[in-house]
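Coordinate inspection notes
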Amino acid sequence: MVFLTALRLTRARGPDEWWRKRKVFKLAAFFYGRRRNCYSLAIRSLHRALVYATKSRALKKMDLIELWKQRISGGLESHGLEYWQFMDGLHKSNIQLNRKVLADLAAFEPATFESLSKIALDVKEAENDENSNKN
Amino acid sequence: MFLNKLINIARYPNNVNQLSNLFQRCLISSTPAAHNKLTVNKPLEFVDLKEGKDPVQNVNKKIQNSEAGRLFAVVQLCGKQFKITQGDVIMLEGFWEPTNGDQLRLEKVLLCGSQDFTLVGRPILQKGLVDIQATIIEKSLSHTRTHFKYKKRKQYRRINFQRSPTTVLRINSIEINNSVDQNEAQKPSDNVFF
């Protein structure tokens, strides 16, 4: 932009209004009703939407962890183990597969998953034996 | 369209007979021959060690005769675990040194499985047992993530845009090179940091 006087420079507010608003309208294009066409409404809901998007990136990770937990315990139902017993057994035998991979194995590699649950079951039984010996 | 054709056929009683014959032939037959075509995985059999059957020998024999078939593996890369098989393409996010066209051997193998057996690492399999070759096929940036913080009525607004480097990796091959329980002297934890 070219300014002939200093006064005009101070009055100029950034880029042209039309271009400034166009950026917002592009992002608000899929909103419902007047929020998509009416700037003052569009900018309000856009701010809210961007805040949601920022916060949900962390929430997504938490949701996925919940999903993996459910898938693992679903896979364990036929092997007579609970989620915490399975994870505890794997941890004690120093197997460091994470929940994402375990959920994948439960869904797509049932044979491998069954052998892992067998390992966890062995740990549990060994602990039970130790406890009964102490008593 | 299909319904219209059916109605056209149904106008003539002769055709209807033919049609019903056709449907009868299409019925799912429960003969053993039909069952044989389906491939259903056998239920797991656990080998009892007391009977003198050694699972390690059994697995080694399969490896030597190359009967292991297509393998899958779980590897750790850039702090994330991936379940991979030959020909897979995986994407890693964040800065990672290797560049386009680099050939890598992935060494943090947590698990390797085939149709008949699974090798489980504690936490990883011994070095040189499983050979996983990978090539880097793309280095680029992820989509733009908008980080926007906003407090209403407080004149507080921060906006940042962030793109992280990504690496796309192709898994060329997964092979078992050594027999199991051979190089016991070379333990994996000697050279690997977790």
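Residues numbered from 1 in each chain as written. Chains lettered and ligands numbered in written order. Predicted model: local features only at pLDDT ≥ 70, side-chain atom pairs only at ≥ 80, totals over all residues. Heavy atoms only, no water.

**Comments concerning the sheet that holds strand β1 (residues 72-77) of chain B**
The cut-off we apply is this: Strands were regarded as paired on the criterion that DSSP finds at least two bridges between them. Strands are runs of DSSP state E lasting at least 2 residues, helices are runs of H or I lasting at least 4, and numbering of each runs from the N terminus. Each axis is a line fitted through C-alpha atoms, taken for helices only over the stretch in contact, and angles between the N-to-C directions span 0 to 180 degrees. Between two residues, a contact is recorded if the distance between any of their heavy atoms is within 4.5 Å.
Taking strand neighbours across the sheet as the criterion, the four strands line up as β2-β1-β5-β6 (chain B) in an open arrangement whose pairing is antiparallel. Of all the strands in the sheet, the pair left with one neighbour each is β2 (80-85) and β6 (118-120) of chain B. The average undirected angle you get between the axes of adjacent strands in this sheet is 20 degrees. When β1 of chain B meets β2 of chain B, the two strands line up antiparallel, connected through six bridges. Pairing of Val-74 of chain B across the sheet is with Lys-83 of chain B, part of β2 of chain B. Packing against the sheet, helix α5 (residues 99-108) of chain A makes contact with β1, β2 and β5 (109-113) of chain B, and its axis sits at approximately 30 degrees to β2 of chain B.

**Some remarks on the nonpolar core**
Rules: By nonpolar core we mean a set of buried residues, namely Ala, Val, Leu, Ile, Met, Phe, Trp, Tyr and Cys, connected to one another through side-chain atoms within 4.5 Å. For the exposure calls, accessible area comes from a 1.4 Å probe over protein chains only, and a residue counts as buried if that area is under 20% of its type's maximum, exposed if over 50%, partly exposed in between.
Ranked by size, the top nonpolar core spans 29 residues in total, and within it Ile-84, Leu-106, Ile-132 and Ile-176 of chain B carry the most contacts. The set of elements that each furnish at least two residues to this core consists of α4 (55-64), β1, β2, β3 (89-93), β4 (103-106), β5, β7 (130-141) and β10 (165-176) of chain B. Excluding residues within four positions of it along the chain, Ile-132 of chain B makes contact with Ala-73, Val-75, Ile-84, Leu-104, Arg-105, Leu-106, Val-109, Ile-171, Ser-173 and Ile-174 of chain B. Judged by nonpolar contacts, the second largest core, of 21 residues, contains Phe-86 and Phe-113 of chain A together with Phe-72 and Val-74 of chain B.

**Observations regarding the side chain of Ser-93 of chain A**
As for its placement among the helices and strands, Ser-93 of chain A is situated in the loop between α4 (83-92) and α5. Residue class for Ser-93 of chain A comes out buried when judged on its relative accessible area of 7%. Apart from residues lying up to four places away in sequence, Ser-93 of chain A is in contact with Ile-119 and Val-123 of chain A together with Arg-122 of chain B.

**Some thoughts on the pairing of β3 of chain B**
Side chains on a regular strand alternate between the two faces of the sheet. Residue and element names in this part refer to chain B. By the alternation rule, side chains of β3 split into Ile-90 and Leu-92, which are all buried, and Val-89, Met-91 and Glu-93, of which none is buried. Of the pairings in the sheet, the one linking β3 to β10 comprises five bridges and is antiparallel in character. Bridge assignment links Met-91 to a residue of β10, and that residue is Val-168.

**Some remarks on the environment of Thr-85 of chain B**
All names here are of chain B. This is how it is decided: Any pair of N or O atoms that falls within 3.5 Å is considered a polar contact. Within protein, one atom must be able to donate a hydrogen and the other to accept it, and sequence-neighbouring residues count only if both atoms are side-chain atoms.
Assignment of secondary structure puts Thr-85 in strand β2. Along the primary structure Thr-85 and Arg-170 are separated by 85 residues, whereas in three dimensions their C-alpha atoms are 9.9 Å apart. Contact partners of Thr-85, with chain neighbours within four places excluded, come to Arg-70, Leu-71, Phe-72, Ile-171 and Ile-174. Within the local environment of Thr-85, its side chain forms a polar contact with the side chain of Arg-70, the two groups lying 3.1 Å apart.

**Let's talk about the interface of chain A and chain B**
The condition that has to hold: The quantity reported as buried area is the accessible area (1.4 Å probe) lost by two parts once they are put together, taken as the sum for both. Take a side-chain nitrogen of Lys or Arg and a carboxyl oxygen of Asp or Glu: if they are within 4 Å of each other, that pair is a salt bridge.
If you look at the interface, chain A gives 22 residues, while chain B gives 21 residues. Between chain A and chain B, the buried area comes to about 2100 Å², and carbon and sulfur atoms account for 64% of it. Considering only the side of chain A, the residues that lose the most area to chain B are His-47, Arg-57 and Gln-96 of chain A, jointly responsible for 22% of the buried surface there. Lys-83 of chain B is paired through a salt bridge with Glu-109 of chain A; the nearest N and O atoms lie 3.4 Å apart. At the surface where chain A touches chain B, the tally comes to nine residue pairs in polar contact (both at pLDDT 80 or more).

**Notes on the pairing of β5 of chain B**
All names here are of chain B. Buried residues dominate β5, accounting for five of its five residues. Bridge count for β1 against β5 is four bridges, and the pairing is antiparallel. Looking at the pairing, Ala-73 lines up with Cys-112 of β5. The sheet contact formed by β5 and β6 spans three bridges and is antiparallel. From the neighbouring strand, Leu-111 faces β6, where its bridge partner is Val-120. Between β5 and β6, which follow one another and run antiparallel, lie four residues.

Fair warning: the whole summary comes from geometry, so function is off the table for now.
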